[in-house]
Amino acid sequence: MRQYAKPIVVADDLSLLRGLTTGVVTLPRHLDWSGAADYDLNSPGRIVDLYRTVLIEATKPDDLHVFLDRTVLTRLWPSIWLPPELRRAWEQRFPELRRTAPEAPAA
């Protein structure tokens, strides 16, 4: 299986995540080069897209600190698809995120 090749960037501290929680956010080209870099944070689907994009494409912790919000990240964490290595790195640094994951069904 191919390993996740991009460098993994994790926030220095969740309390530093102070991004906007409402309105429209336009990501810079180094985070979103798709041509649809405007994200309406009032739209549930678009906010998940923004968080996934920033988590995967961040090149430095400041990208995370500027565009993500701690409370929103914690709420969305279980529903955001991420490469397994990236999810694992975040959950190792911040075990409280792991606790927000949905319970596995009993066998």
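Residues numbered from 1 in each chain as written. Predicted model: local features only at pLDDT ≥ 70, side-chain atom pairs only at ≥ 80, totals over all residues. Heavy atoms only, no water.

Q: I'd love a proper account of the overall build of the protein, names of residues and values included.
A: For the protein, the helix and strand inventory stands at 5 helices and 2 strands. In the protein, the succession of helices and strands from N to C terminus is β-β-α-α-α-α-α. When each of the 107 residues of the protein is scored for burial, the buried share is 41%. Here the analysis covers contacts within the protein between residues at least 6 apart in sequence; of these, 60% occur between residues at least 24 apart. Here the protein has roughly 6400 Å² of accessible surface; of this, 55% comes from carbon and sulfur atoms. (Helix = DSSP H or I, 4+ residues; strand = E, 2+ residues; numbered from the N terminus. Buried < 20%, exposed > 50% of the residue type's maximum accessible area, 1.4 Å probe, protein only. Contact = heavy atoms within 4.5 Å. Areas by Shrake-Rupley, 256 points an atom, 1.4 Å probe, with all protein chains shown as cover.)

Q: Tell me about the packing of aromatic side chains, and please be specific about residues and values.
A: As enumerated under the stated definition, the model contains 2 aromatic pairs in all. Between Trp77 and Trp90, the ring centres sit 6.0 Å apart and the planes meet at 40°, which makes this aromatic pair tilted. Placement of Trp77 in the loop between helix H3 (70–76) and helix H4 (84–93) and of Trp90 in helix H4 is noted, with a sequence separation of 13 residues between them. In terms of burial, Trp77 and Trp90 fall into one category: buried. In this structure an aromatic cluster arises from ring pairing among Trp77, Trp90 and Phe94. Stacked on the ring of Trp77, the Lys or Arg Arg87 has its end atom at 4.7 Å from the ring centre. (Phe/Tyr/Trp six-rings, centres within 6.5 Å; stacked < 30°, edge-to-face > 60°. Lys NZ or Arg CZ within 6 Å of the ring centre and 35° of its normal.)

Q: Kindly report on helix H1 (residues 44–57), identifying the contributing residues and their values.
A: When the terminal C-alpha atoms of H1 are compared, their 20 Å separation across 14 residues agrees well with the 20 Å that a helix rising 1.5 Å per residue should span. Of the positions making up H1, those classed as buried are Ile47, Val48, Leu50, Tyr51, Thr53, Val54, Leu55, Ile56 and Glu57. Considering only its buried residues, H1 is in contact with strand S1 (24–26), strand S2 (38–40), helix H2 (61–67), H3 and H4. (Expected span 1.5 Å × (residues − 1).)

Q: Residues and numbers for the confidence of the model for the protein, please.
A: When the pLDDT values of the protein are averaged, the result is 88; 87% of them are 70 or greater. Taken together, the stretch residues 103–107 has pLDDT below 50 and engages in 0 contacts with residues farther than four places along the chain or on a different chain. (pLDDT = per-residue confidence, 0-100.)

Q: Can you explain the pattern of salt bridges? Please cite residues and give values.
A: Throughout the structure, instances matching the rule amount to 4 salt bridges. Asp63 is the partner of Lys60 in a salt bridge, and the nearest nitrogen-oxygen pair spans 3.2 Å. Given a relative accessible area of 37%, Lys60 falls into the partly exposed group. Assessed through its relative accessible area of 4%, Asp63 is described here as buried. (Salt bridge = Lys/Arg side-chain N within 4 Å of Asp/Glu carboxyl O.)

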